[in-house]
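Structure assessment
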Amino acid sequence: MEEFAAGVASTIYKARLAGDGSRVVAVKSAASKRKFTPEPHDIIKEINLLKLLGESPHENVRLKLMPKGLALTSFFQIVEYIGSRYTSTSIELWTSWFPYGLEELLDCPRFTVAPIPTPIRHLFPFDSELAEQGGPLWKDVFKVLCKSIIFQTISGLAHLHGLDPPIALRDVKPKNLLMEQDGTVKIIDYGIAFQETICADSKNFWPEKREDMYCDVATGCVLHTSRCPFIQVVWP
């Protein structure tokens, strides 16, 4: 198991399941004591929300619940894995590993339709490579990719908002949008999400009622800034 990323409330590890070295998973580990958990981050609430989502899965929501009591090894090919482990010092949430993230994609210099400076244009032979293969121009490919990412994200959020009661993620940002190799977008990180019934549970680290919701959370979205390459190209 190797450390992949660390945040204010948890650490993410990349690991392989014992007994099946080919199965790569993400392990989210957080403290099991409330005093070490910054409010309102709550892995107990996150686990229960993901179990609920497993009962009403959507292609662009990260997890599906494994049927209770069935062996893990028999479901590698037909469901995404979810599991958790409680110890005296930590709580772990195990999920599928997704190799790509929107944050990394936006940081990639190749992911743009902006004119490439002439001195380094030979390093970015998008159009020439596509033209030789008889394919479309890169700007057209870029436009389709952008629309796909936006549509899938909105579709996943619409599913969360359409549940009864609805789930508000409250942390939509490129870092929380991962992608599979086929381009399927997955919405992750429900540690500060709100769902009226689950969040009010007194067993949570930080119980939260509708009339007393946390306001010190926000959705930061790069799509609403002038730095985003999506806006002018996709919807000029």
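This is a predicted model, so every value here is computed, not measured. (Residues numbered from 1 in each chain as written. Predicted model: local features only at pLDDT ≥ 70, side-chain atom pairs only at ≥ 80, totals over all residues. Heavy atoms only, no water.)

1. Describing the pattern of salt bridges
Pairs can form between side chains of opposite charge whenever their charged atoms are close. Applying the stated criterion across every chain, the model contains six salt bridges. In this structure, Glu46 and Lys28 form a salt bridge, with 2.7 Å as the shortest nitrogen-oxygen distance. Here Glu46, found in helix H1 (residues 43-55), pairs with Lys28, found in strand S3 (residues 24-31); they are 18 residues apart in sequence, far enough to count as distant. For the pair Glu46 and Lys28, a shared accessibility class is recorded, and that class is buried. Note that Lys28 is salt-bridged to Asp189, the shortest N-O span being 3.3 Å. A residue pair is termed long-range when its members are at least 10 positions apart, and Lys28 in strand S3 and Asp189 in the loop between strand S8 (185-187) and helix H5 (196-199) qualify at 161 residues. (Salt bridge = Lys/Arg side-chain N within 4 Å of Asp/Glu carboxyl O. Helix = DSSP H or I, 4+ residues; strand = E, 2+ residues; numbered from the N terminus. Buried < 20%, exposed > 50% of the residue type's maximum accessible area, 1.4 Å probe, protein only.)

2. With respect to unusual backbone geometry
Most peptide bonds take the trans form, and the phi angle of most residues other than glycine is negative. Pro40 follows Glu39 through a cis peptide bond whose omega is 5°. Locating Pro40 in the fold gives a position in the loop between S3 and H1. Residue Pro165 is bonded to the preceding Asp164 through a cis peptide linkage, with omega at 0°. Along the chain, Pro165 falls in the loop between helix H4 (138-162) and strand S7 (177-179). Positive phi is not limited to glycine here, since Arg170 has a value of about 65°. Looking at the secondary structure, you find Arg170 in the loop between H4 and S7.

3. Digging into H4
In a regular helix each residue adds 1.5 Å, so 25 residues correspond to 36 Å; H4 covers 36 Å between its end C-alpha atoms and thus fits that length. Within H4, the full set of buried residues consists of Trp138, Phe142, Cys146, Ile149, Ile150, Gln152, Thr153, Gly156, Leu157, His159 and Leu160. (Expected span 1.5 Å × (residues − 1).)

4. Notes on the side chain of Thr153
Among the structural elements, Thr153 can be located in helix H4. In terms of polar contacts, Thr153 uses its side chain to reach the backbone carbonyl oxygen of Ile149, at 2.8 Å. Among all residues touching Thr153, those that are not within four sequence positions of it are Leu177, Val185 and Ile187. (Polar contact = N/O pair within 3.5 Å; in protein donor to acceptor, adjacent residues only side chain to side chain. Contact = heavy atoms within 4.5 Å.)

5. Quick word on the nonpolar core
Within soluble globular proteins, side chains that are nonpolar generally end up buried alongside one another. By size, the foremost hydrophobic cluster in this structure holds 32 residues, and its most contacted members are Ile43, Leu53, Ile167 and Tyr190. Looking at this core, the elements that each hand over two or more residues are H1, strand S5 (90-96), helix H2 (102-107), H4, S7 and S8. (Core = buried A, V, L, I, M, F, W, Y, C linked by side-chain atoms within 4.5 Å.)

6. Re the sheet that holds strand S6 (residues 100-101)
Strand order in the open sheet formed by three strands is S6-S7-S8, with antiparallel pairing between adjacent strands. Looking at strand neighbours, the two that pair on one side only are S6 and S8, the edges of this open sheet. Bridging between S7 and S8 involves three bridges; their strand directions are antiparallel. Its bridge partner lying in S8, Met179 is registered against Val185. Taken strand by strand, H4 contacts S7 and S8, and its axis lies near 35° from that of S8. (Pairing = 2+ DSSP bridges. Axes fitted to C-alpha atoms, helices over the stretch in contact; angles between N-to-C directions.)

7. A short note on the confidence of the model for the protein
In this model, the protein carries a mean pLDDT of 77, and residues with pLDDT of at least 70 account for 69%. Within the model, the stretch residues 220-236 combines pLDDT values under 50 with 28 contacts to residues more than four positions away or in other chains. (pLDDT = per-residue confidence, 0-100.)

8. Observations concerning the pairing of S5
Most of S5 is tucked away, with six of its seven residues classed as buried. As paired strands, S3 and S5 are joined by seven bridges and run antiparallel to one another. Considered in S5, the bridge of Ala26 is made with Thr95.

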